[in-house]
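Each chain, letter by letter, is given below.
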Amino acid sequence: MKVLLVNGGAHPKGCTNRALEEVEKALKEEEIETLIYHIPNVPLQDCIACGTCAKIGKCVFDDCVNEFVEMAKEADGFIFGTPVYYAHPTGKVQSFMDRIFYSGKAAFVHKPAATISSSRRAGSVTSMDVLNKYFSISQMPIVSSMYWNEVHGNTVEEVEQDKEGLDTMYALGKNMAWMLKCIEAGKKAGIDIPQNTKRNTNFIR
Ligand SMILES: Cc1cc2nc3c(=O)[nH]c(=O)nc-3n(C[C@H](O)[C@H](O)[C@H](O)COP(=O)(O)O)c2cc1C
């Protein structure tokens with residue numbers, strides 16, 4: 001079983017990464033394979049709503065989005081991490097998630113996920129609310145921890161002092177491992193993934 005942990009911040013070795021490492025530690029202890037993926041620090045194309053992905057099965061802009069969706073097909077769970085910028089997730093992670101979910105949703109459906117955030121002081125829960133919505137519209141079980149999934153600090157050294165935040169990350173990793181093992185055990189016991197394909201269109205279309 002494999003979990004992809006996404007760093008949606010600017011710093012590959014910053015506070016968000018430190019939080020993800022603590023989740024990763026717990027996952028590895030449970031023998032879950034992991035990969036921390038830093039969304040590249042290049043100008044990231046926003047979704048232009050062209051609809052090409054529905055025709056060709058991938059985003060028309062062939063960048064890290066298509067690369068990540070291919071990796072996501074092989075993954076069993078996801079952690080998306082973001083620093084807080086002006087009380088919201090980074091623009092980069094939102095553009096990235098708009099495009100991976102719009103062009104590659106099938107790679108995520110019914111797989112458990114969680115959001116984590118790092119901030120100096122405020123805006124964590126509002127940021128997590130934004131990212132959790134990608135999961136709840138995609139039939140993905142949202143994994144929780146013992147407290148809100150946030151660490152605080154402007155530097156890794158400061159995050160290191162946020163013992164409660166790091167404990168929360170560690171527990172999140174353990175809970176993700178437990179959820180993955182339950183899903184695996186369910187499959188072996190013959191519990192199939194629901195086939196929820198029927199959805200009436202609304203009055204507009
Ligand atoms: C543009 C910008 C806006 C920020 N806005 C907030 C904010 O609203 N609330 C907050 O607590 N920290 C804010 N911060 C601080 C970062 O969230 C914090 O330093 C975070 O831990 C950095 O994570 P990183 O090292 O992974 O990049 C902001 C930082 C930047 C660069």
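Parameters at a glance
- Residues numbered from 1 in each chain as written.
- Predicted model: local features only at pLDDT ≥ 70, side-chain atom pairs only at ≥ 80, totals over all residues.
- Heavy atoms only, no water.
- Helix = DSSP H or I, 4+ residues; strand = E, 2+ residues; numbered from the N terminus.
- Rg over C-alpha atoms; globule rule 2.2 N^0.38 Å.
- Buried < 20%, exposed > 50% of the residue type's maximum accessible area, 1.4 Å probe, protein only.
- Contact = heavy atoms within 4.5 Å.
- Areas by Shrake-Rupley, 256 points an atom, 1.4 Å probe, with all protein chains shown as cover.
- Lys, Arg positive; Asp, Glu negative; His and termini not counted.
- Charge placed at Lys NZ, Arg CZ, Asp CG, Glu CD.
- Axes fitted to C-alpha atoms, helices over the stretch in contact; angles between N-to-C directions.
- Parallel < 35°, antiparallel > 145°, perpendicular 65-115°, else oblique.
- Left-handed = near helix turned anticlockwise from the far one by under 90°.
- Nonpolar A, V, L, I, M, F, W, Y, C, P; charged D, E, K, R; others polar.
- Phe/Tyr/Trp six-rings, centres within 6.5 Å; stacked < 30°, edge-to-face > 60°.
- Expected span 1.5 Å × (residues − 1).
- UniProt positions renumbered as here; feature names shortened; annotations may be inferred.
- Pairing = 2+ DSSP bridges.
- Right-handed = clockwise from strand over helix to strand, strands pointing away.

Novice: Outline the overall build of the chain, listing residues and values.
Specialist: When its secondary structure is counted, the chain shows seven helices and five strands. Taken from N to C terminus, the helices and strands of the chain fall in the order β-α-β-α-α-β-α-β-α-β-α-α. Its C-alpha radius of gyration of 17 Å places the chain within 12% of the 17 Å reference for a compact globule of 205 residues. For the chain, the spread of C-alpha atoms along the principal axes amounts to about 50 × 45 × 30 Å. The 205 residues of the chain split such that 46% are buried. Intrachain contacts of the chain at a sequence separation of at least 6 include 77% that bridge at least 24 residues. Carbon together with sulfur atoms contributes 55% to the accessible area of the chain, which is approximately 11,200 Å² in total. Counting 23 positive and 25 negative side-chain charges, the chain places the averaged centre of each group 7 Å from the other.

Novice: Give a description of the packing of helix α1 (residues 15-29) against helix α7 (residues 163-188) that names residues and reports values.
Specialist: Where α1 meets α7, the closest approach of the two axes is 7 Å, and the angle between their N-to-C directions is 40 degrees. Considering their axes alone, α1 and α7 lie oblique with respect to each other. Considering only the axes of α1 and α7, their crossing is right-handed. Residue-level contacts link Arg18, Ala19, Glu22, Val23, Lys25, Ala26, Leu27 and Glu29 of α1 to Leu166, Met169, Tyr170, Leu172, Gly173, Lys174, Met176 and Ala177 of α7. Of the residues that constitute the contact of α1 with α7, the class distribution is 10 nonpolar, one polar and five charged.

Novice: Residues and numbers for the packing of aromatic side chains, please.
Specialist: Taken as a whole, this structure holds 13 aromatic pairs when the rule is applied. With centroids separated by 5.4 Å and ring planes inclined at 40 degrees, the aromatic side chains of Phe101 and Tyr134 adopt a geometry described as tilted. Residue Phe101 is found in helix α4 (residues 91-104), and its partner Tyr134 is found in helix α5 (residues 124-136); the two are separated by 33 residues along the sequence. On the basis of relative accessible area, Phe101 is assigned to the buried category, the value being 7%. Connected via pairs of aromatic rings, a cluster forms that spans Tyr37, Phe68, Phe78, Phe80, Phe96, Phe101, Phe108, Tyr134 and Phe135.

Novice: Run through the packing of helix α3 (residues 64-73) against α4, naming residues and quoting values.
Specialist: Relative to each other, α3 and α4 sit at 55 degrees, their axes nearing to 10 Å. What the angle tells us is that α3 and α4 run oblique. Here α3 runs over α4; the crossing is right-handed. Contact residues: Cys64, Val65, Phe68 and Val69 in α3; Phe96, Arg99, Ile100, Ser103 and Gly104 in α4. Its residues assigned to classes, the contact of α3 with α4 shows six nonpolar, two polar and one charged.

Novice: Outline α7, listing residues and values.
Specialist: The end-to-end C-alpha distance of α7 is 38 Å, a good match for the 38 Å that 26 residues give at a rise of 1.5 Å each. Where α7 is buried, its residues touch β1 (2-7), α1, β3 (77-83), β4 (113-119), β5 (150-152) and α6 (156-161). Following α7 by one or two positions, Gly190 adopts a phi angle in the positive range, close to 90 degrees.

Novice: Outline the UniProt feature "domain: NADPH-dependent FMN reductase-like" (unreviewed entry) in the chain, supporting the account with residue identities and numerical values.
Specialist: Within this structure's numbering, the places UniProt gives as "domain: NADPH-dependent FMN reductase-like" (unreviewed entry) are residues 1-150. Within residues 1-150, the helical portion is 38% and the strand portion 18%, while the C-alpha atoms at the span's ends are 25 Å from each other.

Novice: Can you break down the pairing of β1 residue by residue, with the values?
Specialist: The side chains of a regular strand alternate, residue by residue, between the two faces of the sheet. With five of its six residues buried, β1 lies for the most part within the structure. Pairing analysis gives six bridges linking β1 to strand β2 (residues 33-38), with the strands arranged parallel. Note on β2: the bridge partner recorded for Leu5 is Ile36. The handedness of the β1 to β2 crossover, carried by α1, is right-handed. Where β1 and β3 come together, five bridges link them in parallel fashion. Bridge pairing links Leu5 to Ile79 in β3.

Novice: Before we move on, could you go through the pairing of β3 and cite the residues and values that matter?
Specialist: Most of β3 sits out of view: seven of its seven residues are buried. Taking every second residue as pointing to the same face, both faces of β3 are buried, with Gly77, Ile79, Gly81 and Pro83 on one and Phe78, Phe80 and Thr82 on the other. Bridge count between β3 and β4: six bridges; the pairing is parallel. Each bridged residue has a counterpart across the sheet, and for Gly81 the counterpart in β4 is Ile116. One crossover worth recording links β3 to the parallel β4 by way of α4, and it is right-handed.

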